[in-house]
Amino acid sequence: MIELKDVCCAYEKSILENVTFKTSKHLTVMGANGSGKSTLAKSIASLLEYKGEMLFNDIPLVSLSLQSRAKTINYVPASLQSYDQFLNIKEYLLMGRYPYKSALQDYSEADYKIVEEIIKYFDFESSKYLNSLSSGQSQLLLIAQALTQNAKLTIFDEPTANLDPKNSKIFLHELKKMMKKTQTILITHDINLAYQLEGNILFIKEKEALFFENKHDFFNTKTLKELYDVEFSISEKGVLASYE
Amino acid sequence: MNKLLTISILLILTISAPFVGILSLELSQLLVSGSFDQNIFFELRLPRLVLAFFAGGLLAISGWLFQTLFRNPLLTPFTLGVSTGAVLGVAIVIVFGGSALYMSSLYLSLGGFIGAMSSTSLLIYFSKYLKSASSILLLGVALSFFFNASLVILFYMSSAMQTQAIVYFTMGSLATIGFFEPLLVTLASLLLLGFLYIRRFELSLLSVSEDSAKLKGVDVSYLTKELLVIASISIGILISITGPIGFIGLVVPHIVRVLYKKNSTSLLLPNFFIGAMFLSSCDLISRIGIAQSDIPIGIITALVGAPFFVYLILKR
């Protein structure tokens, strides 16, 4: 259960003020470009500084050691970027086990086993270099590393932005599986993707974050028109924006 | 193929280094105690090889460290101003140390070491006020420029002989007598090698990105400071003895990466040994090359290394 109390965070141009919410379900974060969705996500993951209080299962995040924080919250960036050109898939996935490793010691047998299983599940070629992967494959690799890290809360930052429909479908499948086991936060622009996920919705608009306990409070034509300033039509199949 | 060939050539040059020089040694005389040949071998040639070997290894792994730590392929062991600090220290000893002093290499080394350590202390002191690890880098570059400017002012204050002594120091030299200096450099290089080995997992996470390391629970700012301090101490000791030797720290990590095609953090030992053999080989070439005179080692490392480096880049 993640809880934010009067959280303020700022990065470059985006500023968020007094963000307060509490949820133990999946959370989808939406909002305009540059509204501060990633800023909020990175603050929750402690990559950026913030004011206010953040708690996970009633424990303040600041009181956790770096190691247990890594086991509690993980952030998956929008794309896979690595300075090292010759890192391969297996080595990259093994890094997800770092928070579980004893200091100064090598990764354990169990860590290697977990990585092997994930490689088998995703049908990866373990010796392939990261820079030789397609964007679909590297997105899957990001999810795979999040699975090896197995944090209690995983935040995905626009994971489908660079994906074709087929890979988006694969991603959605994996996300839904993950949602059953751990808590997840998804940042996305894709209204239809958000529509298909159960859970709460956080909409960020002009420094403020609006929390929707029930997703149907968000997915109605009146609210959407107010928030996006665009007409929408909603059917069982999805949400359609009108660009007329 | 490239890898095997390169390593074989470097190994042959390194092993043959102490046997080759302006004076040719009689192999049969080496085992005769007290012979002239044996003295040359054990008092000059072998210490020089040990010094070159561990200096090369240390320079290569410090270049590797800076490039990995800051994810910037252009960094060298000298980027943080440690080297210019050492040169300034030596220059101050030469200019203000009185006429008798500048002949003594021990005083020069001491000046170099104090210079290197002052520059490191300044860096660590200022780094307390910095938020991101990469600002340390900018700070180092600024310090380096400041020391360089101070050095130029010293040039204007010095006599022709003093200027010559400073310039000679800045070109680097592996000349040594006996095992005291080689032993110091060996210890300095093993110190850094040990620390880097212990921190290999954290460095591997940093070689992806700073965020990636933070998300896995690495204390990036502590780690950066710790490794910078150890590296600066090691490099400070090295420079105070040999002067700055360029190029190795820059290119060896790249050469090793292209030869091995593996993630760079698994290549700590190859970096150390190829750097070590590369400097030993360059030293051999500098001693027997043009006109059989002792050409400054930094010039040979660049002269030999640059074309080889270009070849590797083009072939990739």
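These figures come from a predicted structure and were not determined experimentally. (Residues numbered from 1 in each chain as written. Chains lettered and ligands numbered in written order. Predicted model: local features only at pLDDT ≥ 70, side-chain atom pairs only at ≥ 80, totals over all residues. Heavy atoms only, no water.)

**Observations regarding the packing of aromatic side chains**
Two measures describe an aromatic ring pair: the distance that separates the ring centres and the angle between the ring planes. The test is simple: Aromatic pairs are defined between Phe, Tyr and Trp rings, using the six-membered ring for Trp, whenever the two ring centres lie within 6.5 Å; interplanar angles under 30 degrees are classed as stacked, those over 60 as edge-to-face, and all others as tilted. Each residue is assigned to one of three classes by its accessible area relative to the maximum for its type, calculated with a 1.4 Å probe on protein chains only: buried under 20%, partly exposed between the two thresholds, exposed over 50%. Both a distance and an angle decide whether a charge sits over a ring: NZ of Lys or CZ of Arg must be within 6 Å of the ring centre and within 35 degrees of the ring normal.
Throughout the structure, instances matching the rule amount to 22 aromatic pairs over all chains. A ring pair is formed by Phe122 of chain A and Phe124 of chain A, whose centres lie 5.3 Å apart and whose planes are at 10°; its orientation type is stacked. Phe124 of chain A shares its class with Phe122 of chain A; the two are buried. Members of the aromatic cluster, each reached through a chain of ring pairs, are Tyr195, Phe203, Phe212, Phe218, Phe219, Tyr228 and Phe232 of chain A. Between Arg97 of chain A and the ring centre of Tyr100 of chain A, over which it is positioned, the NZ or CZ distance is 4.1 Å. Positioned above the aromatic ring of Tyr197 of chain B is the side chain of Arg200 of chain B, whose terminal nitrogen or guanidinium carbon lies 4.0 Å from the ring centre.

**Considerations on the pairing of strand β9 (residues 200-205) of chain A**
Residue and element names in this part refer to chain A. Put simply, the rule is: Only runs of H or I of at least four residues qualify as helices and only runs of E of at least two qualify as strands under DSSP, and these elements are numbered from the N terminus. For two strands to be treated as a pair, DSSP must find at least two bridges joining them.
Among the six residues in β9, five count as buried, and that is most of the element. Here strand β3 (residues 27-31) pairs with β9 via five bridges, running parallel. Counterpart to Thr28 in the pairing with β9 is Ile201. Pairing of β9 with strand β10 (residues 208-212) involves five bridges; the strand directions are antiparallel. Of the residues in β10, the one forming a bridge with Phe203 is Leu210. Connecting β9 to the next strand, β10, in antiparallel fashion are two residues, including Glu206 with a positive phi near 45°.

**Details of the packing of helix α4 (residues 109-122) of chain A against helix α5 (residues 135-149) of chain A**
Pairs of packed helices are described in terms of their axes, by the angle between the two and the distance that separates them. All names here are of chain A. What counts here: A fitted line through C-alpha atoms represents every axis, and for helices the fit uses only the stretch in contact; the resulting angles, taken between N-to-C directions, go from 0 to 180 degrees. Definitions for this section: a left-handed crossing has its near helix turned counterclockwise from the far helix by less than a right angle. A right-handed crossing has that turn clockwise. Should any heavy atoms of two residues lie within 4.5 Å, those residues are counted as being in contact. Asp, Glu, Lys and Arg are counted as charged, while Ala, Val, Leu, Ile, Met, Phe, Trp, Tyr, Cys and Pro are counted as nonpolar; the rest, among them Gly, fall into the polar class.
Closest axis-to-axis distance for the α4/α5 pair is 10 Å, and the angle between their directions is 145°. Of the two elements, α4 crosses α5, and the hand of that crossing is right-handed. Across the interface between the two elements, Ile114, Val115, Ile118 and Phe122 of α4 pack against Leu140, Ala144, Leu147 and Thr148 of α5. A per-class count over the contact of α4 with α5 returns seven nonpolar, one polar and no charged.

**Quick look at helix α11 (residues 248-260) of chain B**
Residues and elements named next belong to chain B. What counts is decided by this rule: Between the first and last residue of a helix there are one fewer steps than residues, each counted as 1.5 Å, and that sum is the expected span.
When the terminal C-alpha atoms of α11 are compared, their 17 Å separation across 13 residues agrees well with the 18 Å that a helix rising 1.5 Å per residue should span. Taken across its 13 residues, α11 has 11 buried, putting it largely inside the fold. Among the residues of α11, Ile248, Gly249, Val251, Val252, Pro253, His254, Ile255, Val256, Arg257, Val258 and Leu259 are the ones counted as buried. Structurally, α11 contributes buried residues whose contacts are with α1 (2-16), α2 (36-69), α12 (268-288) and α13 (297-315). Downstream of α11 by a residue or two, Lys261 has a phi angle that is positive, lying close to 50°.

**Side note on empty space enclosed by the protein**
Applicable threshold: Any residue with an atom within 4 Å of a point lines the site, the site being either a cavity, points on a 1 Å grid over the protein atoms alone where a 1.4 Å probe fits but cannot get out, or a pocket, an open set with protein on both sides within 12 Å along at least 5 of 7 lines. Grid points are joined across faces, edges and corners, and a volume is the space filled by probe spheres set on the points.
Applying the stated criterion across every chain, the model contains four cavities of 30 Å³ or more. The calculated volume of the largest cavity comes to roughly 60 Å³. Taken together, the residues that form the lining of the largest cavity break down as five nonpolar, three polar and three charged.

**What to know about the sheet that holds β3 of chain A**
All names here are of chain A. If you walk across this open sheet you meet the six strands as β6-β7-β8-β3-β9-β10, and the pairing is mixed. Each edge of the open sheet carries a strand with a single partner, namely β6 (73-76) and β10. For this sheet, the mean angle separating the axes of adjacent strands, direction not counted, is 15°. Along the sheet, helix α9 (residues 221-228) contacts β3, β9 and β10; its crossing angle with β9, the most-contacted strand, is approximately 30°.

**A look at the sheet that holds strand β5 (residues 59-60) of chain A**
All names here are of chain A. In space, the four strands of this open sheet follow the order β2-β1-β4-β5, with antiparallel pairing throughout. Looking at the sheet topology across the chains shown, the edges are occupied by β2 (14-23) and β5. One ladder, built from two bridges, connects strand β4 (residues 51-56) with β5; its direction is antiparallel. Bridge pairing in β5 links Phe56 to Ile59. Together, β1 (2-11), β2 and β4 form the strand contacts of helix α1 (residues 37-44), whose direction differs from that of β1 by roughly 120°.

**A word on unusual backbone geometry**
Residues and elements named next belong to chain A. A positive phi is found at Asp6, a non-glycine position, where the angle reads about 50°. On the basis of relative accessibility, which here comes to 47%, the residue Asp6 falls in the partly exposed class. Positive phi outside glycine occurs at Asp123, with the angle close to 60°. For Asp123, the position within the fold is in the loop between α4 and α5.

**Observations concerning the pattern of salt bridges**
All names here are of chain A. Note the threshold: By convention in these notes, a salt bridge is any Lys or Arg side-chain nitrogen within 4 Å of a carboxyl oxygen on Asp or Glu.
Scanning all chains against the criterion turns up nine salt bridges over all chains. For Glu226, the salt bridge identified is with Lys222, shortest N-O distance 3.8 Å. With Glu226 and Lys222 both in helix α9 and four residues apart, this pair spans about one turn of that helix. Both residues of the pair, Glu226 and Lys222, count as exposed.

Purely geometric numbers; function is a separate question.
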